[in-house]
Amino acid sequence: MPKTELIAAIHPELTAIRRDLHRHPELMYDVHRTAGVVAQKLTEWGVDEVVAGIGKTGVVGVIKGRGQGSGKVIAMRADMDALPIHEETNLEHRSTVPGKMHACGHDGHTAMLLGAAKYLAETRDFDGTAVVIFQPAEEGGAGAKAMIDDGLMTRFGIQEVYGMHNKPGLPVGQFDVRKGPTMAAADRIHIKIEGKGGHAAAPHRVNDPIVAACQLVTALQTISSRNADPLDSIVVSVTAMNAGEAFNVIPQTVELKGSVRTLTPQMRELAEKRIKEVTAGIMTAFGMSFVCDYLHGYPVTFNHAAQAEFVVGTIEAAFGEGKVDTSVPPTMGSEDFSYMLEERPGAFINIGNGESAGLHHPAYEFNDEVIPVGVTYWANLVETAMPAKA
Ligand code: NI
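Predicted model, so just to flag it, every value in this text is computed and none were measured.

In this structure, H93 sits in the loop between β3 (73-79) and α3 (106-123). Judged by its relative accessible area of 4%, H93 falls in the buried class. Engagement of the side chain of H93 in a polar contact is seen with the side chain of R18, the distance being 3.4 Å.

As structure tokens, this is what we get:
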């Protein structure tokens, strides 16, 4: 049976799996049911090796091609976790768990990679080994890192790694791929300032931390405007400022929180260095004691040039010219697939979800028409990277 027919034939089953996962969203590492479904399907479909419990609740499947001459091992990754959002759709398959929802389409990512595993286990029309990775806790829990720390790359001999995310607003059948930085590093700042509180009518007897904090918030804006190269991107957003309660009391402390986004390791280092310097300088000037914590989050998602080019070629070969846009700008969002791209060469791409509410929106819906597109992409990736010998 030709590939398109084979994949069309498993589309209804994959849609049913996707909708079942959608009805039963799970958060962070607590994806026991989802991981159970994944492991059971992989086993049922004859995947050679199925290992659960990597990075707490991650699942890995290994599929050997008909040939083993190339010695190549290529991995593909899907995320399995949902979000703490209350679903606001009237879909028949809407979430059955109040306050939890697959609002980022990770149910769709899981279904598409399962479909690829089923197709590849059935056809085995490649020379090498395909590894399918199903990870927990993409939404803030660094599940990818947990799997890496659990030996993911070495244990399965992974040489290259690929990832995919659906993109609302991009038509079904279209892809975005960028070379180099494609998503930002996302770090956090947490600054605690302590002055000397007292009566609002006697500012000369206190040491006002609010005035110092306001100067600091303003000064932090100069990192992007005065320190960074104007052609480089850097975001420093102070997102929380908590102090005081009364009309007539100058408080003792102020607490600031914020988010820092950068697209290169150089900008990330600059941001951390300058935030610490500016904070120390202003706090010294105002005589405040302070603690400035810079907390590293997900790194930059960096697509390796050769693998990004390869991916573009496979998309054009499978779907035709003009189906992949390589001119898209990077986004300042972040993604923990970045940890995998720090370990091995690879590429992270966007796949069109058609018109839908945005990611992380309570009315978002993964488009099931994307499933065969995603399965075809994964299947072609494996068959093109590790072509079967005649
Ligand atoms: Ni997501």
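This next bit is on the sheet that holds strand β10 (residues 234-242). As a general point, the strands of a sheet are linked pairwise by backbone hydrogen bonds and lie either parallel or antiparallel. With respect to topology, four strands assemble into an open sheet ordered β10-β12-β8-β13, the strand pairing being antiparallel. A strand with exactly one partner marks an edge of an open sheet, and here the two such strands are β10 and β13 (289-295). Going from strand to strand, the sheet's axes swing by 15° on average, the running direction of each strand aside. Along the sheet, helix α8 (residues 265-285) makes contact with β8 (185-194), β10, β12 (253-262) and β13, crossing β13 at roughly 170°.

Within strand β2 (residues 58-64), six of the seven residues are buried, which leaves it mostly tucked inside the rest of the structure. As judged from the five bridges shared by strand β1 (residues 49-54) and β2, these two strands associate in the antiparallel manner. Within β2, the position partnered with V51 by the bridge is V60. Here β1 hands over to β2 after three residues, with G55 in that stretch at a positive phi of 65°. Note: β2 against strand β4 (residues 129-135), six bridges, orientation antiparallel.

Parameters at a glance
- Residues numbered from 1 in each chain as written.
- Predicted model: local features only at pLDDT ≥ 70, side-chain atom pairs only at ≥ 80, totals over all residues.
- Heavy atoms only, no water.
- Helix = DSSP H or I, 4+ residues; strand = E, 2+ residues; numbered from the N terminus.
- Buried < 20%, exposed > 50% of the residue type's maximum accessible area, 1.4 Å probe, protein only.
- Polar contact = N/O pair within 3.5 Å; in protein donor to acceptor, adjacent residues only side chain to side chain.
- Pairing = 2+ DSSP bridges.
- Axes fitted to C-alpha atoms, helices over the stretch in contact; angles between N-to-C directions.
- Contact = heavy atoms within 4.5 Å.

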